[in-house]
Structure formats: structure tokens, C-alpha cells
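Secondary and tertiary structure notes
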Amino acid sequence: MPVFPALRLSRRTLLRAGGTALAASAVAGGRSLAASGADLVEVELLAKPRLQRILPEPAAPSPLITYAERFPGPVIRLRKGQRLRATLVNGLDEHTSIHWHGIRLPNAEDGVPFLTQAATRPGERHTYEFTPPDSGSFFFHPHCNTVELLGRGLAGALIVEEEGGPKFDADLVCMVKDWILDKATGAFGDFTSDRGASRAGTFGTVSTVNGRIDPVIDVPANGDVRARLYNVDSSRVIDLRVEGTENGGGAWIIAVDGNPLPPRPLDGWPMAPAMRLDVVFRAPKEAGKTLRLTNVYSAEPKPLATFRATGPALPNKRFAPRALPPAAIPEPDLKTAQVVPMAFSAAAAPQSFDSALLTTLPEADSRCLAAKTFWAINQQSWPEGGHERLPPPIVTLDKGRSYIFELANLTPHLHPIHIHGYTFKVLSSDGRPVVPHHADTVLLEPKERLRVAIKADNPGDWMVHCHIIEHQDTGMMGYIRVA
Ligand code: C2O
Ligand code: CU
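The following paragraphs examine the structure supplied in this document. (Residues numbered from 1 in each chain as written. Chains lettered and ligands numbered in written order. Predicted model: local features only at pLDDT ≥ 70, side-chain atom pairs only at ≥ 80, totals over all residues. Heavy atoms only, no water.)

**A look at the sheet that holds strand 30 (residues 460-466)**
Taken in spatial order, the five strands line up as 23-31-30-25-28 in an open sheet, and their pairing is mixed. Because the sheet does not close on itself, it has two edges, and the strands there are strand 23 (395-397) and strand 28 (441-444). When the angles between neighbouring strand axes are averaged without regard to direction, this sheet yields 25°. (Pairing = 2+ DSSP bridges. Helix = DSSP H or I, 4+ residues; strand = E, 2+ residues; numbered from the N terminus. Axes fitted to C-alpha atoms, helices over the stretch in contact; angles between N-to-C directions.)

Here it is, written out as C-alpha cells:
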């Protein structure tokens, strides 16, 4: 059994994501409204504080903030072609919104307060509606005060199932996240510090998968298991392995950020915050035998979870990872593409929060603006002081044209760069061989220059930022305009 129920939705299903019991009954009794022929899935997401035990006793349950009864919930599953109507209900004492990370959606549904929508105030509701054009493993999270809200667990998974392609005997979500907890009491520590924000980020003290410390996750004996690995941490880069497989080959990557690529061994693909890998591995034949999910990024490899074979062994078949059906991402024309430099650097001079911006950016407040700026894109920190309204875009692109972004990391730190509304093609790096692939977030190594390309077919203002949340919050954010 997976460690938490996935919400499998079909036809027109109304579902309150408030509780696992409700979720489970929605799975069992998924109400089909025959009146609508449309493949519409409706979900309600109530963001509010909820207690959840992360640490063993005598520590107390921790004060999380979640979209469902338990982190990491909910897992929204759509079939490709289905439309999602998701209503955020703000049960917090601050404004918020939902950003649908990795989805190529209309700009108005992108969930960035004061850029694409008005912030949803306490007690208010906001409905998002879109049909994801691509299958894959996506997620969603807020876009202001993210350092605290995501730090407390405000994130959920959005899975779009592909049509056709290989069959798996199990399909799991594994959300890797550390928590900044006092191990004795279960209370949260400070989510940010100048030291963390200006360097590699503030790290958690407790590592978990799906909110549990070293959980045992049951998988069907001798089955082919698809695991959707998510790094939803705010700071930590991980590099995962599945150890102990009987064929010795470990797991194979079949998608990056939800985008299929020719299967390749899971053997050195670092995952920065927000990155996802879909992998497939063969479970042990004999019930009770286990595999380990391990993070080998640090000097000391760290076991994160155990996969345990259960049930009668499935019939023998050769283990041969197959490619998922290809995505239909608009192909950039590299011959005519214009090169746009984007330099990620430290801020010229650390600036302090300018409260005058509160009056010039009516939708923004201290939760959306940097308290300090340590970082910049093309020498502009977010927010850039002294503007009448929003800071200007990093660049304005012509709708329909192709562009190559030359992402230059001028710092000695890692920066996973995310672009909203687009899935880009990762082309090349000046520092390492690059496996050509599509992604929505790419890890820039210190001093690296990396080229990614898009066809600018999706109009609107789209955020570009580092997904180390403290970097995003202290200036390493901007937006591109496609018009
Ligand atoms: Cu997960 Cu603005 O991003
Ligand atoms: Cu960064």
C-alpha cells in the first residue's frame, strides 16, 4: 500500500481535500455527475494550520500548514485532457495564492500575487481552472512568504497521467523534505537567517519522505514500481539512489520534471529544490525483502526510506525500462533564436526593505517583498526600489519567437532556476556534458553558464527565480514578459 492514499479522480468528481477519510471516500465512491459530459475534476484546497507528528515522542506534533489533513496532501491525479477546477480556501491569517509549478497554463491561473492575480485574503476563496497540456509529476505551493509556508508544509502534488505507454505495478509519490524542527520539542526553528539567505540556504534538521522519518513503503513483490521523486525542500540539493535491487541496476529515470526522456540509470542526477524525477525499479521477488532510497549528495550517504516487497511475487518478466510517450512541447527554432543573457549574482550592495514600496505596490506587502536583498538577476534585485509599480520585466519577448536564455551563475553557490509557464529545453553548459532534456527548473552549478531554449508561445508575465526559497525571497527573482 502506498503510504498515503492517492486521489484517483474520474469524470466529474467533486472532492474536498480536507481529510484523508474524505479523500478515501472520494476514491471509493467518486461521484460521477452524468449531467456534464466534460472531463472536469473539482478540488477544494483549504490552506490552514494543522498539527502533524513528524518527530517521535516525547516531541509534540508539529504546527504544520497544509492544503489537506496531512502533509503531503493532497495528491491530485488527472488523466491527460482532464480539466482541473481547484478552489483555494484561505484559512490562514495572511494572504496567499497557489502557483502550479511546471504547468504550461494561461497566465491568469499562474498564482503569483500582484503579478497574475490579486492575493487571496484570509477567509476568501479563489478558483483556478485549467487543462494541463502535458502529463507528468507536478506540484503546487504558495508564492509569498514561501519560506515559512513551504517550510511548514504548504505543498501538494498534481499528477497528470499519460495516455498509453508502459504499465507499472505500482505508482508512488515520494516527497523528500527536511523540516527545521527542534528535535526535543517538535517546534519549528527560524525558517531563515541572513547567514542562510546569503549563502546556501537554511537547512532543516529532520529529513523525511512524505512527512515521515525513514518510512517503510510497501511495493508489490517482483513488481515494476514507478516512483515519482519530488524534492520539495526549500534549500537542500539531493542525489537519490535506489539500492539493493536484485538486478543490481538500481532505478532508471524515465522523466525529469514530468517530461519523458530515454530511460537512463538513476546515477548522478542531483535534484535541487522543486525538481522531480520519475523513476522505475523492480521490487524484490520475495515478500519482506527491502530496497533503500538513499541520498548520496552529502559525504555521508543518508538512507531516506525503505521499499518493502509485499504480497505474492508477480510473474517473472524481464526488467526493461521503457520510455514514456513523448510530450508535445513547442520546439524552439535554434537557428533563428535570439540569445537572452540572464546573470545570477549577489546584489551589488545589500539593501534594506523600503517601506515606501508598500504604498507603491498596493497588492504587495512585507510577505511578498524581500526584507533584505542579497541576490540579483541582471543586477536587479526583487523588488527593485523606487519604481512606481512593479519592477520592469527582465526582458520582453515576442510571442511566437524562439529564445535561448544564457543562464550565468556568477556566484560560488548553487542556484536552481525556475521559469513559470514554460517547459524549456536544456541545451548545453560550459562546465559539464548535458543530457538533452526538458525541464521547468535547472540546477546552475557555481560559475556555470547554461543554455536553455523556449518557443515563446505562452503570453503573459512569467516569474523567473531561484528555487532556493531564501534566495528567491532576497532578490533572485524577476519576470519575463511575452507579448
Ligand atoms: Cu515552484 Cu515560482 O515556483
Ligand atoms: Cu539561488
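Having seen it, we continue.
**Things to note about the packing of aromatic side chains**
One pass over the full model with this rule turns up twelve aromatic pairs. Ring geometry for Phe139 and Tyr230: centres 6.3 Å apart, planes at 80°, overall edge-to-face. On the criterion of sequence distance, the pair formed by Phe139 in strand 9 (residues 136-141) and Tyr230 in strand 14 (residues 224-231) is long-range, its members being 91 residues apart. For the pair Phe188 and Phe191, a centre-to-centre distance of 5.3 Å together with 40° between the ring planes defines the contact as tilted. Comparing Phe188 with Phe191, the two get one shared label, buried. Site record: aromatic cluster; members linked through ring pairs are Tyr67, Trp100, Tyr128, Phe130 and Phe140. Its guanidinium or amino end placed over the ring of Trp179, Lys177 lies 4.4 Å from that ring's centre, counting from NZ or CZ. (Phe/Tyr/Trp six-rings, centres within 6.5 Å; stacked < 30°, edge-to-face > 60°. Buried < 20%, exposed > 50% of the residue type's maximum accessible area, 1.4 Å probe, protein only. Lys NZ or Arg CZ within 6 Å of the ring centre and 35° of its normal.)

**Observations concerning the nonpolar core**
By size, the foremost hydrophobic cluster in this structure holds 55 residues, and its most contacted members are Leu84, Trp100, Leu158, Leu397 and Phe405. Ranked by residue count, the leading element in this core is strand 3 (residues 40-52), at four residues. In this view, Leu84 contacts Val41, Val43, Ile76, Leu78, Trp100, Tyr128, Glu129, Phe130 and Leu158; residues no more than four positions away in its chain are not counted. One finds Val256, Trp269, Phe281 and Leu443 within the second-largest nonpolar core, a separate group that totals 33 residues. (Core = buried A, V, L, I, M, F, W, Y, C linked by side-chain atoms within 4.5 Å. Contact = heavy atoms within 4.5 Å.)

**Section: the coordination of the copper ion (ligand 2)**
The protein atoms donating to the copper ion (ligand 2) are His415 (ND1), Cys466 (SG) and His471 (ND1), with metal-donor distances spanning 2.0 Å. Linear spacing of the donor residues for the copper ion (ligand 2) on their chain is H-x50-C-x4-H. As far as burial versus exposure is concerned, Cys466 and His471 are alike and both buried. (Donors = N, O, S within 2.8 Å, 3.2 Å for Na, K, Ca; no water.)

**A look at unusual backbone geometry**
Phe71 connects to Pro72 through a cis peptide bond whose omega is 0°. On the secondary structure map, Pro72 appears in the loop between strand 4 (62-66) and strand 5 (75-79). The omega torsion across Gly73 and Pro74 is -10°, close enough to zero to call that bond cis. Mapping Pro74 onto the fold places it in the loop between strand 4 and strand 5. The phi angle at Asn210 is positive, at roughly 55°, despite the residue not being glycine. Structurally, the position occupied by Asn210 is in the loop between strand 12 (206-209) and strand 13 (216-220). Exposure remark for Asn210: the relative accessible area of 3% places this residue in the buried category. At Lys447, a position not held by glycine, the phi torsion is positive, near 65°.

**Some thoughts on the pairing of strand 31 (residues 477-482)**
The element strand 31 is largely enclosed, with a buried count of five among its six residues. Pairing analysis gives three bridges linking strand 23 to strand 31, with the strands arranged parallel. Looking across to strand 31, one finds that Val395 is bridged to Ile480. By the bridge criterion, six bridges tie strand 30 to strand 31 in an arrangement that is antiparallel. Looking across to strand 31, one finds that Gly460 is bridged to Val482.

**Quick look at the sheet that holds strand 14**
Taken in spatial order, the six strands make up an open sheet running 12-11-14-18-16-17, and their pairing is mixed. Each end of this open sheet is capped by a strand with a single partner; those strands are strand 12 and strand 17 (259-265). The sheet shows a mean angle of 20° between the axes of neighbouring strands, taken without regard to direction. The pairing of strand 11 (residues 170-179) with strand 14 spans seven bridges and is classified as parallel. Looking at the pairing, Asp171 lines up with Arg226 of strand 14.

**Examining the side chain of Ser62**
Counting through the fold element by element, Ser62 comes out in strand 4. Of the polar contacts made by the side chain of Ser62, one reaches the backbone oxygen of Gly186; its length is 2.7 Å. Each residue touching Ser62, except ones within four places of it in the same chain, is listed here: Arg50, Leu51, Gln52, Arg53, Ile54, Leu181, Gly186 and Phe188. (Polar contact = N/O pair within 3.5 Å; in protein donor to acceptor, adjacent residues only side chain to side chain.)

**So, the pattern of salt bridges**
Enumeration over the complete set of coordinates arrives at 30 salt bridges. Across the pair Asp39 and Arg79 runs a salt bridge, and its minimum N-O distance is 3.6 Å. Within this pair, whereas Asp39 is found in the loop between helix 1 (20-29) and strand 3, its partner Arg79 is found in strand 5, the two being separated by 40 residues in sequence. A residue is classified by how much of its surface remains accessible, and Asp39, at 24% relative accessible area, is partly exposed. Of the charged contacts, one joins Arg226 and Glu162 as a salt bridge, the two residues approaching to 2.6 Å between their closest N and O atoms. Here Arg226 is found in strand 14, whereas its partner Glu162 is found in the loop between strand 10 (156-161) and strand 11, with 64 residues between them in sequence. Assigned by exposure class, Arg226 and Glu162 land together as buried. One continuous salt-bridge network, built from bridges that share partners, spans Arg77, Glu161, Glu162, Asp171, Arg226, Arg228 and Asp278. (Salt bridge = Lys/Arg side-chain N within 4 Å of Asp/Glu carboxyl O.)

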